[in-house]
Amino acid sequence: MTLEMAVGTRGVRAPWRRGGAGDAPDLTVIPEAPEQVLWPWERIGVDRYRVTDGAATRGFVDVVGPVFVGLAGARYDRAVEIAQTLSLESAAEAILRASGAAKA
């Protein structure tokens, strides 16, 4: 649980100073943050990422200059190039779509 302090027009009073009841900050409870999103890739080299669906390896992404090359396949030495994109996210999505593991 997280507390958020509202700041009035008079500013925030230091907690060690005494003041009237009207000077107390308004504390509001805000809901918990949503669960962290786990990315479907992990870095395995200086210029290489492994794309997974949580359990199985679905492919790899090689970084070649500004281009991300998507390779579909569970083994790097047998993977087939399926996409060239300008973002890691797009390359990972293409691999997951090609393997049928993409979430709708």
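Residues numbered from 1 in each chain as written. Predicted model: local features only at pLDDT ≥ 70, side-chain atom pairs only at ≥ 80, totals over all residues. Heavy atoms only, no water.

Visitor: Would you explain the sheet that holds strand 5 (residues 57–64) in this entry?
Guide: Backbone hydrogen bonds hold the strands of a sheet together, and the pairing may be parallel or antiparallel. The sheet built from five strands is open, its strands ordered 3-4-5-6-7 with antiparallel pairing. Each edge of the sheet is formed by a strand with only one pairing partner; in this case those strands are strand 3 (41–45) and strand 7 (80–85). Along the sheet, successive strands turn relative to each other by an average axial angle of 30 degrees, direction set aside. As paired strands, strand 5 and strand 6 (residues 67–72) are joined by six bridges and run antiparallel to one another. Counted as the bridge partner of Phe60 is Leu71 from strand 6. (Pairing = 2+ DSSP bridges. Helix = DSSP H or I, 4+ residues; strand = E, 2+ residues; numbered from the N terminus. Axes fitted to C-alpha atoms, helices over the stretch in contact; angles between N-to-C directions.)

Visitor: What exactly am I supposed to notice about the pattern of salt bridges here?
Guide: Side chains carrying opposite charge are able to pair once their charged atoms draw close together. In the structure shown here, the tally under the stated rule is four salt bridges. Here Arg48 ties to Asp62 by a salt bridge, and the two come within 2.7 Å at their closest N and O atoms. Taken together, the residues Arg48 in strand 4 (residues 48–52) and Asp62 in strand 5 connect sequence positions 14 residues apart. On the basis of relative accessible area, Arg48 is assigned to the partly exposed category, the value being 27%. (Salt bridge = Lys/Arg side-chain N within 4 Å of Asp/Glu carboxyl O. Buried < 20%, exposed > 50% of the residue type's maximum accessible area, 1.4 Å probe, protein only.)

Visitor: How do you make sense of the pairing of strand 3 when you look at a structure like this?
Guide: Residues in a regular strand project their side chains so that they alternate between the two faces of the sheet. Where strand 3 meets strand 4, four bridges bridge the pair, whose relative direction is antiparallel. Bridge pairing links Arg43 to Tyr49 in strand 4. Between strand 3 and strand 4, which pair antiparallel in sequence order, lie two residues.

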